[in-house]
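Summary of the model geometry
Below, each chain spelled out in residue letters.
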Amino acid sequence: MISSAPSPVLAVRDLSIDALTPEGRKPVLRNVGFELASGETLCIAGESGSGKSVTSLAIMGLLPKASLRVASGNILLGERDLLTLSNRAMRGIRGGDIAMVFQEPMTSLNPVMSIGAQLTEAIREHQGSDQAEAVALRMLDAVQMTEPARRLKQFPHELSGGMRQRVMIAMALSCRPKVLIADEPTTALDVTVQAQILKLMRELKTEFGTSIILITHDMGVVAEMADRVVIMQHGRIVETGPSLAVFSEPKEAYTQQLLAAVPRLGALSGTDGPPRVTASPKEAKPTDHAPVMNVTGLNVVYGTSGSRFFKGKPPVRAVNDVSFDILPGETLGLVGESGSGKSTTGKAVLGLIPFTGDVLIDGRNIAGLGQREMRPVRRSAQMIFQDPYASLDSRMAVGAAVAEPMLIHGIGDKSERRDRVAELLKRVGLTPDAATRYPHEFSGGQRQRICIARALALEPKLIVADESVAALDVSVRARVLDLLLELQETIGLAYLFISHDMAVVERMSHKVAVMRHGQIVETGSRREIFENPRQPYTQALMAAVPVPDPAHYRAAREEVVYRETGEA
């Protein structure tokens, strides 16, 4: 007798979803189908707008009814079709049989309820347990939370990002669901915290026997976690298969492009600078050797003095005795985890927040300068922020936004500024007609190009780029990084490039400074830092970077098994 294959825990069959618009229905998902086996990790990968998160919301029954509607298909949990269940029946499924961990834990947790109250609420809802507090304590211990009893009494704002995500995972697994859906669970976390959360998810999968659907745009995370991979683009599945096969022999052109765009740590070993992206980069002239920025003894202290009625906050030294310099046409990569002080440093060196110490921009010390005195200095140094949408006025046309710095500094007349805007937009790969459109009409990558065009309007010598590609998809990120390198090669721009992504910093930098707790703990050339890091913290940062190669993780796990058991 031939035994049949075990039934999947979850099966999505020919799922199609439409968006409800004033012009009528528009397809968002088309004929999406996959199966999830017991104890399996299935990664759904793709860029923004590919339909990954919509698929997960459909499984959970959380589609916004006012804007999205299931057109056809089935979602089977065992023998039950989730699309036919009532809201009351789905409440029993959610949290009980299927649980979900969202990208941003701070928005998923109630800020006015303690961690213990939120954990026990979920346990009582689905288990009716008289021992809810004990179960909550065990779950926090299972997710390796330090001092679990104390954490139960704390509130979300008192925990770090990694701790909050551990709470979300503990809440999701507290009712021992059959399926855990994790939607970009580590995107907002530092690389070392990300490594801890991914390791935790693997261990909990083994302990609880839970099947996992992991949704991500990070191919390194896919390689580390996936048994099977589904690649999505424009609401359709373009490729699916075992993780090793998809990474080693991708069949579809889109999958190949996605993998080719992933920056790989160590890919530039043996070189001293970023890769060249133009045919004839500008050579530095002998007179160009004076630093365009020189920082000495930079300190930034946060805190408030007390008053008659309110206690002040104790001072916190966010940046402590930081020094560096940047030459024309050179990039200094400033790396570190959240709270290390790197973004504060970026703001301080442009005079955007109070500081002590000396900051020379193009030879002029900005310490103590007022707004009026800073105006000519700002022509030499500009900033690009992480979120391009928040950096642009939604009510201002793109052309006006790019021209605004020239208007403030009294550069040119209206006609000359219009011509300059057209030139800048072409320079960053946009068409001149983009000047009449508004920020919401552009993609994330296009909006960041607009921010770069605005930063170039005053012809600066230095740009501070603060996590300028962190919010972008992998292929869009690669194109924006190439644009920054092209501008450096052709017009000699210098960058202070702030990032927590070690692979991106390796691609962009000539020199690297590693920050921790407000101090630079290690600095050197790109080759010195990435090929021979001296500090354990720097080594830990690089060891935590996901490698986009599942064979790497399989070999590492086999080595661990061999060491522990003596069996290959």
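Residues numbered from 1 in each chain as written. Predicted model: local features only at pLDDT ≥ 70, side-chain atom pairs only at ≥ 80, totals over all residues. Heavy atoms only, no water.

Our next topic: the packing of aromatic side chains. Under the criterion given, the structure shown has zero aromatic pairs. Between the NZ or CZ atom of arginine 437 and the centre of the ring of phenylalanine 442, over which it lies, the distance is 4.3 Å. (Phe/Tyr/Trp six-rings, centres within 6.5 Å; stacked < 30°, edge-to-face > 60°. Lys NZ or Arg CZ within 6 Å of the ring centre and 35° of its normal.)

Another point: the domain arrangement of the chain. Reports often express the size of an interface as the amount of accessible area lost when the parts come together. By domain assignment, the chain separates into domain 1 (10-260) and domain 2 (293-303 + 312-393 + 449-534). Taking the mean C-alpha position of each, domain 1 and domain 2 sit 35 Å from one another. With nine residues of domain 1 at the interface, the matching set in domain 2 holds eight residues. A buried area of about 760 Å², summed over both sides, lies between domain 1 and domain 2, and 39% of it is on carbon and sulfur atoms. The tally of links from domain 1 across to domain 2 stands at two residue pairs in polar contact (both at pLDDT 80 or more). (Domains from an automatic or database assignment. Contact = heavy atoms within 4.5 Å. Buried area = accessible area lost by both parts, 1.4 Å probe. Polar contact = N/O pair within 3.5 Å; in protein donor to acceptor, adjacent residues only side chain to side chain.)

What follows deals with helix H8 (residues 191-208). The end-to-end C-alpha separation of H8 is 25 Å, in line with the 26 Å expected for 18 residues at 1.5 Å each. Three or more residues of H8 are buried, namely Val191, Thr192, Val193, Gln194, Ile197, Leu198, Leu200, Met201, Leu204, Lys205 and Phe208. A positive backbone phi angle near 70° is found at glycine 209, which sits one or two residues after H8. (Helix = DSSP H or I, 4+ residues; strand = E, 2+ residues; numbered from the N terminus. Expected span 1.5 Å × (residues − 1). Buried < 20%, exposed > 50% of the residue type's maximum accessible area, 1.4 Å probe, protein only.)

Turning our attention to the confidence of the model for the chain. Looking at the chain, the pLDDT average stands at 88 and 93% of residues meet or exceed 70. The least confident element of the chain, judged by mean pLDDT, is helix H22 (residues 550-565) at 63; the most confident is strand S10 (residues 236-242) at 97. (pLDDT = per-residue confidence, 0-100.)

So, on to the environment of proline 405. Assignment of secondary structure puts proline 405 in helix H15 (residues 398-408). Considered as a pair, proline 405 and leucine 20 are 385 residues apart in the sequence and their alpha carbons are 40 Å apart. Excluding residues within four positions of it along the chain, proline 405 makes contact with Arg454, Ala457 and Leu458.

Before going further, it helps to spend a moment on unusual backbone geometry. Where the residue is not glycine, phi is negative for most of them; where a peptide bond is considered, it is trans in most cases. Even without being glycine, asparagine 31 reaches a positive phi, approximately 55°. The topology assignment puts asparagine 31 in strand S2 (residues 24-36). The phi torsion at aspartate 321 lies on the positive side, around 55°, for a residue other than glycine. Within the element layout of this structure, aspartate 321 appears in strand S12 (residues 316-326).

Summed over all chains, the structure comprises one cavity of 30 Å³ or more. Size it by volume and the largest cavity reaches roughly 40 Å³. As for the largest cavity, its lining consists of Ile169, Leu173, Leu180, Met201, Leu204, Lys205, Thr210 and Ile212. Elements that contribute at least two residues to the lining of the largest cavity include exactly helix H7 (161-173) and H8. For the lining of the largest cavity, the element with the most residues is H8, which contributes three residues. For the lining of the largest cavity, the per-class residue count stands at six nonpolar, one polar and one charged. (1 Å grid on protein atoms, 1.4 Å probe; cavity = no way out; pocket = protein on both sides within 12 Å on 5 of 7 lines; lining within 4 Å. Points joined across faces, edges and corners; volume = space filled by probe spheres on them. Nonpolar A, V, L, I, M, F, W, Y, C, P; charged D, E, K, R; others polar.)

Further remarks concern the environment of isoleucine 98. Positionally, isoleucine 98 belongs in strand S6 (residues 98-101). Given the relative accessible area of 0%, isoleucine 98 is considered buried. Through-space distance from the C-alpha of isoleucine 98 to that of leucine 173 is 9.4 Å; in sequence the pair is 75 residues apart. Isoleucine 98 has contacts with Leu10, Ile59, Met60, Leu77, Leu82, Ile93, Pro177, Val179 and Ile181, leaving out every residue within four places of it along the chain.

Before going further, it helps to examine the side chain of lysine 205. Its place among the elements puts lysine 205 in helix H8. Under the relative-accessibility criterion, lysine 205 is labelled buried at 17%. Within the local environment of lysine 205, its side chain forms a polar contact with the side chain of threonine 41, the two groups lying 3.0 Å apart. A distance of 3.4 Å separates a polar atom in the side chain of lysine 205 from a polar atom in the side chain of aspartate 227. Not counting residues up to four positions away in its chain, the partners in contact with lysine 205 are Gly39, Glu40, Thr41, Thr210, Ile212 and Asp227.

Moving on to the sheet that holds strand S4 (residues 68-77). Judged by pairing direction, the sheet is antiparallel, and its four strands sit side by side in the order S2-S1-S4-S5 without closing on themselves. Each having just a single partner strand, S2 and strand S5 (80-81) make up the two edges of the open sheet. (Pairing = 2+ DSSP bridges.)

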